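Here are the chains, one letter per residue:
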Amino acid sequence: MTQPQRDESAAARRGEPQAQQPTAPPRTKIEVERLSFWYGDKQVLHEIDLRIPERGVTALIGPSGCGKSTFLRTLNRMNEIIEGTRHSGSVRLDGQEIYDRSVDVVALRKRVGMVFQRPNPFPKSIFDNVAYGPRIHGERNRRRLAEIVERSLRRAALWDEVKDRLGDSALALSGGQQQRLCIARALATEPEVLLMDEPASALDPKATGAIEDLIYELRSGYTILIVTHNMQQAARVSERTAFFYEGRLIEYGPTEQIFTRPREQRTEDYVTGRFG
């Protein structure tokens, strides 16, 4: 035992306060550098620089049309399904450039799952909706699929409500249940990152509360990015907030700071409702 360790142990035995060990900063999960993006000739993102730490929730806020959803979709290359788009700059996941030609886009989207604004369950059974992703990635064992479906539905706080009707159509669920099913479907592929594009905007207050509670529960195991126009929702669910305006990242920092002590006047004007 080293001398400092002996001293700390002795202090503990005497009931004296011990020096707090410095906490290591969270590891960066996603690193974005000078990211710009175009739909045809229209530039919608301008040289975005942003580092997202591993685990926890980051909210993306800003007025409609400011580039939030476009930015979110650059993180798993979903924008590529739109003809005529292009980008410049870099997006790295765990240090690997996701736009490198060697990257398997299917594998990338397995690691970076997405939940859309409106619930979009497949016209299949509840079971088959959740099992869809694992099957696409080669899982065929029925017992293993059943385990994945149950685990994913439990994580999405939906299991107790549907466990006796897994063979029923997912389209028969309520809107809030459908959205939680879509979250379970995303979780079934064991993603590391979960992208949520206004996941509660089409839901009633009760269902919205359930989605927010779920995000809070998931934050310790996943890196979550959520686009929201609801300032109260951003304040409730996120640790960090990024404010976008006219395709530019204006300010990024701890949520409490962004909402109470913003550094930029445009940020203050937006979060206090002066525009947006």
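What counts, and at which threshold
- Residues numbered from 1 in each chain as written.
- Predicted model: local features only at pLDDT ≥ 70, side-chain atom pairs only at ≥ 80, totals over all residues.
- Heavy atoms only, no water.
- Helix = DSSP H or I, 4+ residues; strand = E, 2+ residues; numbered from the N terminus.
- Contact = heavy atoms within 4.5 Å.
- Areas by Shrake-Rupley, 256 points an atom, 1.4 Å probe, with all protein chains shown as cover.
- Lys, Arg positive; Asp, Glu negative; His and termini not counted.
- Charge placed at Lys NZ, Arg CZ, Asp CG, Glu CD.
- Pairing = 2+ DSSP bridges.
- Polar contact = N/O pair within 3.5 Å; in protein donor to acceptor, adjacent residues only side chain to side chain.
- Buried < 20%, exposed > 50% of the residue type's maximum accessible area, 1.4 Å probe, protein only.
- Axes fitted to C-alpha atoms, helices over the stretch in contact; angles between N-to-C directions.
- Parallel < 35°, antiparallel > 145°, perpendicular 65-115°, else oblique.
- Left-handed = near helix turned anticlockwise from the far one by under 90°.
- Expected span 1.5 Å × (residues − 1).
- Phe/Tyr/Trp six-rings, centres within 6.5 Å; stacked < 30°, edge-to-face > 60°.
- Lys NZ or Arg CZ within 6 Å of the ring centre and 35° of its normal.
- Core = buried A, V, L, I, M, F, W, Y, C linked by side-chain atoms within 4.5 Å.

1. So, the overall build of the protein
Thought 1: Tallying secondary structure elements over the protein gives 11 helices and 10 strands in all.
Thought 2: Taken along the three principal axes of its C-alpha coordinates, the protein extends 65 × 50 × 45 Å.
Thought 3: Partitioning the intrachain contacts of the protein with sequence separation of at least 6 by distance along the chain shows that 66% fall at a separation of at least 24.
Thought 4: A total of about 14,200 Å² of accessible surface is found on the protein, and carbon and sulfur atoms cover 47% of it.
Thought 5: Side-chain charges of the protein comprise 41 positive and 38 negative groups, with the mean position of each set lying 3 Å from the other.

2. Observations concerning the sheet that holds strand 1 (residues 28–39)
Thought 1: Spatial ordering of the open sheet is given by 2-1-4-5, a layout of four strands whose pairing is antiparallel. This sheet does not close on itself; its edge strands, each paired only once, are strand 2 (42–53) and strand 5 (96–97).
Thought 2: Bridge analysis of strand 1 against strand 4 (residues 85–93) gives eight bridges, and the strand direction is antiparallel. Bridging from a neighbouring strand, Ile 30 pairs with Leu 93 of strand 4.

3. Digging into the side chain of Ser 90
Thought 1: Among the secondary structure elements, Ser 90 is positioned in strand 4.
Thought 2: Within the structure, the side chain of Ser 90 is placed 2.5 Å from the side chain of Glu 97, a separation counted as a polar contact.
Thought 3: Once you skip the residues sitting within four places of it in the chain, Ser 90 turns out to touch Glu 31, Val 32, Glu 33 and Glu 97.

4. Section: the pairing of strand 3 (residues 56–61)
Thought 1: Burial runs high along strand 3: six of the six residues are buried.
Thought 2: Alternating positions in strand 3 separate into two faces, Gly 56, Thr 58 and Leu 60 on one and Val 57, Ala 59 and Ile 61 on the other, with burial throughout.
Thought 3: Where strand 3 meets strand 8 (residues 223–227), five bridges bridge the pair, whose relative direction is parallel. Directly across from Leu 60, in strand 8, lies its bridge partner Val 227.
Thought 4: As defined by bridge partners, strand 3 adjoins strand 9 (residues 240–245) across four bridges and the pair is classed as parallel. Among the inter-strand pairings, Ile 61 is bridged to a residue of strand 9, identified as Phe 243.

5. Observations concerning the packing of helix 5 (residues 142–155) against helix 7 (residues 175–187)
Thought 1: With their axes 8 Å apart at the nearest point, helix 5 and helix 7 run at an angle of 130° to one another. Here helix 7 runs oblique to helix 5, going by the angle between their axes. The element helix 5 and its partner helix 7 pack so that their crossing is right-handed. Contact with helix 5, carried on its side by Ser 152, Leu 153 and Arg 155, involves Leu 181, Ala 184 and Leu 187 of helix 7 and no other residues of that element.

6. Description of the side chain of Gln 178
Thought 1: Topologically, Gln 178 is positioned in helix 7.
Thought 2: Dropping the residues within four chain positions of it, Gln 178 is found in contact with Pro 119, Pro 121, Ala 170, Leu 171 and Leu 173.

7. Observations concerning helix 5
Thought 1: If you check helix 5, its first and last C-alpha atoms are 20 Å apart, about what 14 residues at 1.5 Å a residue would give, namely 20 Å.
Thought 2: Buried residues along helix 5 sit against helix 4 (126–136), helix 6 (159–162) and helix 7.
Thought 3: Residue Ala 157 follows helix 5 closely and has a positive phi angle near 55°.

8. Let's talk about the packing of aromatic side chains
Thought 1: Applying the stated criterion across every chain yields a total of five aromatic pairs.
Thought 2: An angle of 80° between the planes, with centres 5.2 Å apart, marks the rings of Phe 37 and Tyr 39 as edge-to-face.
Thought 3: Take Tyr 39: its relative accessible area is 25%, and that puts it in the partly exposed class.
Thought 4: Here a set of aromatic residues connected by ring pairs shows up, and it is made of Phe 243, Tyr 245 and Tyr 270.
Thought 5: Here the basic side chain of Arg 86 rests over the ring of Trp 38, its NZ or CZ set 4.1 Å away from the ring centre.

9. Some points on the nonpolar core
Thought 1: In terms of nonpolar packing, the biggest core is built from 45 residues, with Leu 153 and Ile 183 touching the most fellow members.
Thought 2: In contact with Leu 153, other than residues within four places in its own chain, are Ile 126, Val 130, Leu 158, Trp 159, Val 162, Leu 166, Leu 181 and Ala 184.
Thought 3: Residues Phe 37, Leu 60, Met 78 and Val 112 belong to the second largest nonpolar core, which totals 29 residues.

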